[in-house]
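# Coordinate inspection notes
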Amino acid sequence: MLTAEDKKMIQQVWDKMQGCQEEVGGETLIRMFTTYPQTKTYFPHFDLSPGSDQVRGHGKKVVAALGTAVKSLDNLSQALSELSNLHAYNLRVDPVNFKLLAQCMQVVLATHFGKDYNPEVHAAFDKFLSAVAAVLAEKYR
C-alpha cells in the first residue's frame, strides 16, 4: 500500500526523469540483459547491444508504461490491464522478469540521481515497482 508520502516521492522521481526516460529505460534493459542473461530469450529479434535503437525504443516503451502507472497510482490494475494481458497471453513472459526489471531500474535510478535517491525515495519507488510487477502478474493466476 502506497502512502501519501510514497506517492509524493514517486511523483518527484518521475518529474526528475523528464528528458531522460529513453536513457533510463535503455540502461535498465541493458542492465537486466547483462545481469540476468536469461531475459534475452524474449527478444530474439533485437540487437541487444548497448545503445541500439531497438533497446532504446523498448526502454522508452517500458518507461512510458511506468508513466501511465505513475498517473494512476490509485488504480494500477485498470491502468495496466492491457499491458498485463499482452505479457501474459501474447508474449508469455515469465512474471519473475518484472521483478528483475524493477531491481535493475532501482540501480539505474540511484546511479542517475545520486544523493537525491535516498533510502526513503528508494523504498517508496520499490513499493511502486513491486505493485506494478504484481499487477502485471495478475493475469497469470
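Residues numbered from 1 in each chain as written. Predicted model: local features only at pLDDT ≥ 70, side-chain atom pairs only at ≥ 80, totals over all residues. Heavy atoms only, no water.

### What about the nonpolar core?
To keep it simple, the criterion reads: For our purposes a nonpolar core is just a set of buried Ala, Val, Leu, Ile, Met, Phe, Trp, Tyr and Cys residues, chained together by side-chain atoms within 4.5 Å. Only protein chains enter the accessibility calculation, which uses a 1.4 Å probe. A residue is then buried if its area is under 20% of the maximum for its type, exposed if over 50%, and partly exposed in between. For the purposes of this entry, the term helix denotes a DSSP run of H or I that reaches at least four residues, the term strand denotes a run of E that reaches at least two, and both are numbered from the N terminus. The contact criterion used is simple: two residues touch if any of their non-hydrogen atoms lie within 4.5 Å.
One finds Ile-10, Leu-66, Met-105, Leu-109, Phe-125, Phe-128 and Val-132 to be the most contacted residues of the largest nonpolar core, which totals 42 residues. At the level of elements, α1 (4–17), α2 (21–35), α3 (53–71), α6 (96–113) and α7 (119–137) are the ones that each hand at least two residues to this core. Here the element with the most residues in this core is α7; it accounts for 9 residues. Every residue in contact with Ile-10, bar those within four places of it in the chain, is listed here: Leu-2, Val-70, Leu-73, Ala-124, Phe-125 and Phe-128.

### Remarks on the pattern of salt bridges
As a reminder, the rule being used: The rule for a salt bridge is simple: a side-chain nitrogen of Lys or Arg has to be within 4 Å of a carboxyl oxygen of Asp or Glu.
The tally for this structure, following the rule as stated, stands at 5 salt bridges. Here Asp-74 ties to Lys-7 by a salt bridge, and the two come within 2.3 Å at their closest N and O atoms. Placement of Asp-74 in the loop between α3 and α4 (76–79) and of Lys-7 in helix α1 is noted, with a sequence separation of 67 residues between them. Residue classification places Asp-74 among the exposed residues on the basis of a relative accessible area of 67%. Look at Lys-7 and you get partly exposed, because its relative accessible area is 25%.

### Points about the state of the cysteines
Quick note on the threshold: What counts as a disulfide here is a pair of cysteine sulfur atoms lying within 2.5 Å.
The final tally for this structure, using the stated rule, is 0 disulfides. Sulfur of Cys-20: no disulfide; nearest cysteine sulfur belongs to Cys-104 and is 17 Å away.

### Re the packing of α1 against α7
Spelled out, the test is: A fitted line through C-alpha atoms serves as each axis, taken over the contacting stretch for helices, and the angle formed by two N-to-C directions is quoted from 0 to 180°. Roughly parallel means an angle under 35 degrees; roughly antiparallel means over 145; roughly perpendicular covers 65 to 115; every other angle is labelled oblique. Under the scheme applied, nonpolar residues are Ala, Val, Leu, Ile, Met, Phe, Trp, Tyr, Cys and Pro; charged residues are Asp, Glu, Lys and Arg; polar residues are all the others, including Gly.
Between α1 and α7, the shortest axis-to-axis distance is 9 Å and the interhelical angle comes to 95°. Relative to α7, the element α1 is oriented roughly perpendicular. For the pair α1 and α7, contact is made by Asp-6, Met-9, Ile-10, Val-13 and Trp-14 and by Glu-120, Val-121, Ala-124, Phe-125, Lys-127 and Phe-128, respectively. Residues belonging to the contact of α1 with α7 are distributed by class as follows: 8 nonpolar, no polar and 3 charged.

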